Amino acid sequence: MSLVPYGLARFALFNLDPEVAHELTMAALARAQGTPLQLAYCAARVDDPIELAGLRFPNCVGLAAGLDKNAHCIDGLGAMGFGFVEVGTVTPKAQPGNPKPRMFRLPKANALINRLGFNNDGLDAFVANVQRSALRRQKNPALLLGLNIGKNAATPIESATDDYLICLDGVYPHADYVTVNISSPNTKNLRALQSDEALDGLLAAIAERRSVLAEKHGKRIPIFVKIAPDLDEAQVGVIAATLVRHGMDGVVATNTTLARDAVKGLPHAEEMGGLSGAPVFEASNRVIAQLRSALGAKFPIIGVGGVMSAADAVAKIKAGADVVQIYTGLIYQGPQLVRDAALAIKASRK
């Protein structure tokens, strides 16, 4: 049970630059995890298991990638009651990301804009951090760990597959599932990988490499693909067919949006980057519903985008998601949202 009201922490953090607040928070989590200080924010994990992609998710609420890019805080984040935690996006080589400032709050819209650009310490450091986590050292871990992979900004888009395969090789032995991120708006041309021919080539290569890795390591790790909300129904249909054709295990829908209709006139609304939080909720649900229609009842869908309340989490499930992830909601509402959402989904599934 959390001992510190999140409202107090949020008041202090929201008076800081968003990226400074983020860095301070992650540093504090890294120091507190595995110590009594964790009592300040930890919560009992709701028991609501679901079988998905050959995995047993302890409950239906996870952390979305992007919060912990370097896998420093796996254990601390896991203590908030998540059923699964996804970290990254990691790229083969370390890179600083885009110039600062590159994170912006839009409090009136319960939203964020970021153009971080896959800033991370690189694959080797990422894997080392994963290996150091208590979660990876447990024989029967309490939650699942997803590792999210991408391409370096300096890698030409025509060579993107090479970066994804390097990352897949590195993270495969340590992941419960791997997410292939082809939908960040902050790496030049990355979303072009969602197009028919490019996606077909990328997923064919990933499927082939996964077969080799499965034989090498004696286990088949599920692979999910993360897509954007800024897609029309025809594009969603093509992506759905390509996922099935190449034996992908699931889809994460969705990433941040480039649309600004919901935040026009607000401070920072015209900043470049991906918009997350409440304004992406409806677009995300639309894509989830279209995916469910195209993929059928049994194909795993992780729903993410604008979950700011327990009711939002339930709505995501009703739209067609099997489980949900949160990120911006955690920043605005605090760790209590994790347990509230998990309890609400559990009640809705009875």
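This text gives an overview of the structure that appears in the document. (Residues numbered from 1 in each chain as written. Predicted model: local features only at pLDDT ≥ 70, side-chain atom pairs only at ≥ 80, totals over all residues. Heavy atoms only, no water.)

To continue, consider the sheet that holds strand β8 (residues 177-181). Remark on secondary structure: sheet strands pair via backbone hydrogen bonds, oriented parallel or antiparallel. Sheet architecture is closed into a barrel: eight strands sit in the order β3-β4-β7-β8-β9-β10-β12-β13, paired in parallel fashion. Each adjacent strand pair in this sheet contributes to an overall mean axis angle of 25°, direction not counted. The pairing of strand β3 (residues 61-63) with strand β13 (residues 323-326) spans three bridges and is parallel. Considered in β13, the bridge of V61 is made with V324. Contacts from helix α4 (residues 123-132) reach β4 (84-90) and β7 (144-149), with the element oriented near 160° to β4. Along the sheet, helix α10 (residues 310-319) makes contact with β12 (301-304) and β13, crossing β13 at roughly 140°. (Pairing = 2+ DSSP bridges. Helix = DSSP H or I, 4+ residues; strand = E, 2+ residues; numbered from the N terminus. Axes fitted to C-alpha atoms, helices over the stretch in contact; angles between N-to-C directions. Contact = heavy atoms within 4.5 Å.)

Okay, α4 next. Along α4, the residues that are buried comprise L123, F126, V127, N129 and V130. The buried side chains of α4 occupy one side of the element, clustering within an arc of 160° when seen end-on. In α4, the exposed positions angled more than 90 degrees off the buried face are occupied by D124 and R132. Packed against the buried residues of α4 are α3 (74-78), β4, α5 (134-137), β7 and α6 (160-171). (Buried < 20%, exposed > 50% of the residue type's maximum accessible area, 1.4 Å probe, protein only. Arc of directions from axis to C-beta.)

What follows is about a nonpolar patch on the surface. Taken together, the side chains of L16, V20 and L24 present a nonpolar region at the surface, about 230 Å² in accessible area. With respect to the helices, strands and loops of the structure, V20 is situated in helix α2 (residues 18-32). What makes V20 partly exposed here is its relative accessible area of 38%. (Patch = residues over 30% accessible without salt bridge, like charges linked within 9 Å, V, L, I, M, F, W, Y side chains within 5 Å. Areas by Shrake-Rupley, 256 points an atom, 1.4 Å probe, with all protein chains shown as cover. Salt bridge = Lys/Arg side-chain N within 4 Å of Asp/Glu carboxyl O.)

So, on to the packing of α10 against helix α12 (residues 336-348). Packing of α10 against α12 leaves a shortest axis separation of 8 Å and a crossing angle of 45°. The pairing of α10 with α12 is recorded here as oblique in orientation. Along this stretch, α10 crosses α12, giving a crossing that reads as right-handed. Mapping the contact onto sequence places A310, A313, V314 and I317 in α10 and L337, D340, A341, A344, I345 and S348 in α12. Here the contact of α10 with α12 is built from residues that sort into eight nonpolar, one polar and one charged. (Parallel < 35°, antiparallel > 145°, perpendicular 65-115°, else oblique. Left-handed = near helix turned anticlockwise from the far one by under 90°. Nonpolar A, V, L, I, M, F, W, Y, C, P; charged D, E, K, R; others polar.)

Here the focus is the nonpolar core. In this structure, Y164, I206 and L291 are the most contacted members of the largest nonpolar core, which totals 104 residues. Examining the composition of this core, we find that eight residues originate from one element, helix α7 (residues 196-217), more than from any other. Apart from residues no more than four positions distant in its own chain, I206 is found in contact with Y164, L165, L168, V180, I223 and M248. Membership of the second largest hydrophobic core comes to eight residues, among which are F104, I113, V263 and A269. (Core = buried A, V, L, I, M, F, W, Y, C linked by side-chain atoms within 4.5 Å.)

Here G88 and T89 are connected by a cis peptide whose omega angle stands at 15°. Following K100, the chain continues into P101 via a peptide bond in cis, with omega recorded as 0°. The residue P101 is located in the loop between β4 and β5 (103-106) in this model. A positive phi angle is found at A53, which is not glycine, with a value near 55°. Within the secondary structure layout, A53 lies in the loop between β1 (50-52) and β2 (55-57). Positioned with a positive phi, F118 is a non-glycine residue whose angle comes to about 55°. With respect to the secondary-structure elements, F118 resides in the loop between β6 (111-114) and α4.

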